[in-house]
Amino acid sequence: MNGNRFAERTIIVTGAGSGIGRATALRLASEGARIVGVDASRTRLQDLERELGDRVATVDGDLLQQLTADRAIAAARGRIDGLANVAGIMDGFEPTAEIDDATWERVIGVNVTGMMRMTRAVLPAMLAAGRGAIVNVGSEAGQRGSAAGTPYTVSKHAVNGFTKSTAFFYTPRGVRCNAVAPGPVATNIEAAFRSTLAQERLGPVMQATLPPVAQPEALAAAIAWLLSDDASDVSGAIIPVDGGWAAI
Ligand SMILES: NC(=O)c1ccc[n+]([C@@H]2O[C@H](COP(=O)([O-])OP(=O)(O)OC[C@H]3O[C@@H](n4cnc5c(N)ncnc54)[C@H](O)[C@@H]3O)[C@@H](O)[C@H]2O)c1
């Protein structure tokens, strides 16, 4: 029904156990892709295996560890056409003066360092093939200072910089790199307000501007487009997929 844009192609999807990553894995598989699904949750990956059968190889591991990226490359068995860096975590809406080191290190570690390690790991195969597509998942928090706490906001601005720099270096060698920036999406992501100041400052802004919550399939469709040859001339773009939030 969705066409066959990814026939014979292998695509690594991180965060494939839930939310946007899971919807992306299902969408790509429905268009013919073989998926390497990476997630920290073994249970969620087992559910994906039940859904996709032999169209998916799963890697259960923490993206904070280099070993997880190495295992994903091994599971791809020599062919990597695309990478969707979807896995990510929220902060507790901490403003700068209230940041604890553990939250900072974990949010930057998963959202930025994990994405870098996974991308660094796929590039040799893509460059050898002279082609490849990478899509990172940023956020509305990468467009403004009023959508999350400071750690998450910093991490998603970093996703944008990482996307542009990677596109700059590798587009001439056939590897495209783009990002989508979602608004609110109905997933399992945990986001609890742990700051009174954040409630006071962010509450009214969000109430006034927040668009309706999107379904993960809407993000999956945009990610699939960027990974496909339909986006063959798109690289270095940060595309809001946010119900118009970025236009406010
Ligand atoms: N849901 C939203 O409203 C929203 C908005 C903007 C951006 N995003 C971004 O979308 C991406 C996907 O989030 P989601 O909403 O689908 O969340 P989700 O929690 O439903 O799914 C994320 C998946 O990533 C996995 N994961 C988290 N940390 C990991 C780690 N260290 N190693 C391996 N796997 C790990 C989790 O186990 C989970 O299955 C994230 O980058 C998030 O920042 C989400």
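For the structure, see preceding data.
Residues numbered from 1 in each chain as written. Predicted model: local features only at pLDDT ≥ 70, side-chain atom pairs only at ≥ 80, totals over all residues. Heavy atoms only, no water.

A. Representation of the packing of aromatic side chains within the structure. Counted under the stated rule, the structure contains three aromatic pairs. Cluster of aromatic residues (ring-pair linked, three or more members): Phe168, Phe169 and Tyr170. (Phe/Tyr/Trp six-rings, centres within 6.5 Å; stacked < 30°, edge-to-face > 60°.)

B. Quick peek at helix α7 (residues 216-227). For α7, built from 12 residues, the straight-helix expectation of 16 Å at 1.5 Å per residue is met to within 8% by its first-to-last C-alpha distance of 16 Å. Of all the residues in α7, the buried ones are Pro216, Leu219, Ala220, Ala222, Ile223, Ala224, Leu226 and Leu227. Buried residues in α7 make contact with β1 (10-14), α1 (19-30), β4 (82-85), β5 (132-137), β6 (175-182) and β7 (238-241). (Helix = DSSP H or I, 4+ residues; strand = E, 2+ residues; numbered from the N terminus. Expected span 1.5 Å × (residues − 1). Buried < 20%, exposed > 50% of the residue type's maximum accessible area, 1.4 Å probe, protein only. Contact = heavy atoms within 4.5 Å.)

C. Quick peek at the pairing of strand β2 (residues 34-39). Counting buried positions along β2 gives six out of six residues, so the element sits mostly inside the fold. What you see with β2 is no split at all: Arg34, Val36 and Val38 on one side and Ile35, Gly37 and Asp39 on the other are buried throughout. As defined by bridge partners, β1 adjoins β2 across five bridges and the pair is classed as parallel. Across the sheet, the residue bridging to isoleucine 11 is isoleucine 35, located in β2. This β-α-β element, β1 to α1 to β2, shows right-handed connectivity. (Pairing = 2+ DSSP bridges. Right-handed = clockwise from strand over helix to strand, strands pointing away.)

D. The pattern of salt bridges, seen in detail. Considering all chains together, one arrives at 14 salt bridges under this definition. What you see here is one network of salt bridges that share partners, running through Arg9, Arg79, Asp81, Arg131 and Asp229. (Salt bridge = Lys/Arg side-chain N within 4 Å of Asp/Glu carboxyl O.)

E. Geometry of the pairing of β5. Along β5, six of the six residues are buried, which leaves the element largely enclosed by surrounding structure. In β5, alternate side chains face the same way, and those of Gly132, Ile134 and Asn136 on one face and Ala133, Val135 and Val137 on the other are all buried. By the bridge criterion, six bridges tie β5 to β6 in an arrangement that is parallel. Residue alanine 133 lies in a different strand from β6, and its bridge partner there is arginine 176. Once you follow β5 into helix α5 (residues 150-170) and on to β6, the crossover reads as right-handed.

F. Geometry of the site of the ligand. Inspection of the region around the ligand gives 27 residues, with Ser18, Asp39, Asp62, Tyr152 and Thr187 positioned closest. With respect to the ligand, the side chain of lysine 156 contributes an N or O atom lying 2.9 Å from an oxygen atom. Between the ligand and asparagine 188 there is a distance of 3.0 Å, counted from an oxygen atom to a backbone nitrogen or oxygen. The protein chains hide 92% of the 840 Å² of surface that the ligand would expose on its own. Those elements that place two or more of their residues in the shell around the ligand are α1 and α5. (Near = heavy atom within 4 Å. Polar contact = N/O pair within 3.5 Å; in protein donor to acceptor, adjacent residues only side chain to side chain. Areas by Shrake-Rupley, 256 points an atom, 1.4 Å probe, with all protein chains shown as cover.)

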